Amino acid sequence: LNVTYKARYPKHHPDQSVSESKEYGYASCTGLSILLVCACRAVGIPARVTGTPSWTCASNGMDLTGDVRKFGLSNAGQNHNWVEVYFDGKWHHLGAAESSEFNQTWFEGQASRAIVGSAEHGIYSISFKKSNQSMEITWSLPDEIKRESIYAVERTQDYTYTNLS
């Protein structure tokens, strides 16, 4: 498809469609995740977009929990999205722009420090099914879309140190 990762570029918006990603030649982690989920589903592989509204630590392992709370960094671009695919009876994760094996991504350390039950620092998979949970998104939504309509399933517990496989 000739679409590569780029965090910011002209016309960028995190919820861009697959056709927009193809047109621009770029997509953020969210755009690439949407593209990969669509490709998987097109060939019958169950897949979903998963992510965190805000990491609690940097990729180098430095704990950011205090800074996130002190400075309100949850909306400062520290979110990340990736893909989960279902096979062999369980969900497996991968980065949409990575060539790594399942469940072996660059963000393992950060994901393992997510906070169970936290709307800001948990890990959630977006769902079409109505639920009592919603994934907080860190970009602006059009007025006609309400946060309550973005249903999700919390996945934080499956990314902690004790549960990574």
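Every chain is numbered on its own, with residues counted from 1 as its sequence reads. Note on the predicted model: pLDDT of at least 70 is required for a residue's local features to be given, and 80 or more for side-chain atom pairs to be given and counted; whole-chain, interface and lining totals, by contrast, use all residues. In computing side-chain values, all of the structure's heavy atoms are included and hydrogens and water are not.

Chemist: Give me the overall build of the protein chain: which residues, what numbers.
Modeler: The helix count covers DSSP runs of H or I at least four residues long, the strand count covers runs of E at least two residues long, and both are numbered beginning at the N terminus. Within the protein chain, the secondary structure is distributed over four helices and seven strands. The secondary structure elements of the protein chain, listed N-terminal to C-terminal, are β-α-β-α-β-α-β-β-α-β-β. By definition in these notes, contact holds between two residues if any of their heavy atoms fall within 4.5 Å. Pairs at least 24 residues apart make up 55% of the contacts formed inside the protein chain by residues separated by at least 6 positions. Using a 1.4 Å probe, accessible areas were evaluated by the Shrake-Rupley method; residue-level cover was limited to the displayed protein chains. For the protein chain, the exposed surface amounts to about 9,200 Å²; the carbon and sulfur share of it is 53%.

Chemist: Residue-level account of the confidence of the model for the protein chain, with values.
Modeler: For every residue, the predictor reports its confidence as pLDDT, a number between 0 and 100. Summary statistics for the protein chain give a mean pLDDT of 80 and a share of 77% for residues scoring 70 or more. No element of the protein chain has a lower mean pLDDT than helix 3 (residues 65–71), at 47, and none a higher one than strand 5 (residues 90–94), at 96. Taken as a whole, residues 67–77 scores under 50 in pLDDT and shows 17 contacts with residues more than four places along the chain or in a different chain.

Chemist: Explain the environment of Phe107 residue by residue, including any values.
Modeler: Among the secondary structure elements, Phe107 is positioned in the loop between strand 5 and helix 4 (108–111). Exposed residues in this analysis have more than 50% of their type's maximum accessible area, buried residues have under 20%, and partly exposed residues fall in between, with area computed by a 1.4 Å probe over protein chains only. The buried category is assigned to Phe107, whose relative accessible area is 0%. Along the chain, Phe107 and Trp82 lie 25 residues apart, while their C-alpha atoms are 9.9 Å from each other. For Phe107, the residues in contact, after removing those within four places along its chain, are Trp55, His80, Trp82, His93, Gly95 and Glu98.

Chemist: Outline the pattern of salt bridges, listing residues and values.
Modeler: For this document, the term salt bridge refers to a Lys or Arg side-chain nitrogen within 4 Å of an Asp or Glu carboxyl oxygen. Taken as a whole and judged by the stated rule, the model has three salt bridges. For Glu84, the salt bridge is made with Arg48, and the minimal N-O distance between the two is 2.9 Å. Here Arg48 lies in strand 3 (residues 47–52) and Glu84 lies in strand 4 (residues 80–87), a separation of 36 residues in the sequence. In this structure, Glu84 and Arg48 share a single accessibility class: buried. Across the pair Asp158 and Arg155 runs a salt bridge, and its minimum N-O distance is 2.4 Å. Its relative accessible area of 30% is what places Asp158 among the partly exposed residues. Here Arg155 falls in the buried class, since its relative accessible area comes to 10%.

Chemist: An account of helix 2 (residues 29–42) is requested, with residue identities and associated values reported.
Modeler: Spanning 14 residues, helix 2 covers 20 Å between terminal C-alpha atoms, matching the ideal 20 Å at 1.5 Å per step. When we look at burial in helix 2, the residues that qualify are Cys29, Thr30, Gly31, Leu32, Ser33, Leu35, Val37 and Cys40. Of the surrounding secondary structure, the elements contacted by the buried residues of helix 2 are strand 1 (4–5), helix 1 (18–24), strand 2 (26–27), strand 3 and strand 4. Backbone geometry just after helix 2 places Gly44 at a positive phi near 85 degrees. One less than the number of residues in a helix, times 1.5 Å, gives the span that helix is expected to have.

Chemist: Please provide a residue-by-residue account of the packing of aromatic side chains, values included.
Modeler: Pairing of aromatic rings covers Phe, Tyr and Trp, the last through its six-membered ring, and needs centres within 6.5 Å; plane angles under 30 degrees mean stacked, over 60 mean edge-to-face, and all others mean tilted. Summed over all chains, the structure comprises seven aromatic pairs. A ring pair is formed by Tyr9 and Tyr26, whose centres lie 5.6 Å apart and whose planes are at 35 degrees; its orientation type is tilted. Of this pair, Tyr9 sits in the loop between strand 1 and helix 1 while Tyr26 sits in strand 2, and the two are 17 residues apart along the sequence. The interplanar angle of 65 degrees and the centroid separation of 5.7 Å between the aromatic rings of Trp82 and Tyr159 together place this pair among those described as edge-to-face. Of the two residues, Trp82 is situated in strand 4 and Tyr159 in the segment after strand 7 (152–154); the sequence distance between them amounts to 77 residues.

Chemist: Report on the sheet that holds strand 5, specifying residues and quantitative values.
Modeler: Strand pairing is defined by DSSP finding a minimum of two bridges between the two strands. A sheet is described by the order of its strands in space; here five strands give the open sequence 5-4-3-6-7, paired in antiparallel fashion. Each edge of the open sheet carries a strand with a single partner, namely strand 5 and strand 7. Taking the axes of each pair of neighbouring strands and ignoring which way they run, one obtains an average angle of 35 degrees across the sheet. Where strand 4 meets strand 5, five bridges bridge the pair, whose relative direction is antiparallel. Among the inter-strand pairings, Phe87 is bridged to a residue of strand 5, identified as Lys90. On the sheet, helix 2 packs against strand 3, strand 4 and strand 5 and is oriented at approximately 15 degrees with respect to strand 4. Orientation is described by lines fitted to C-alpha atoms, with helices fitted over the stretch in contact, and by angles between N-to-C directions that extend from 0 to 180 degrees.

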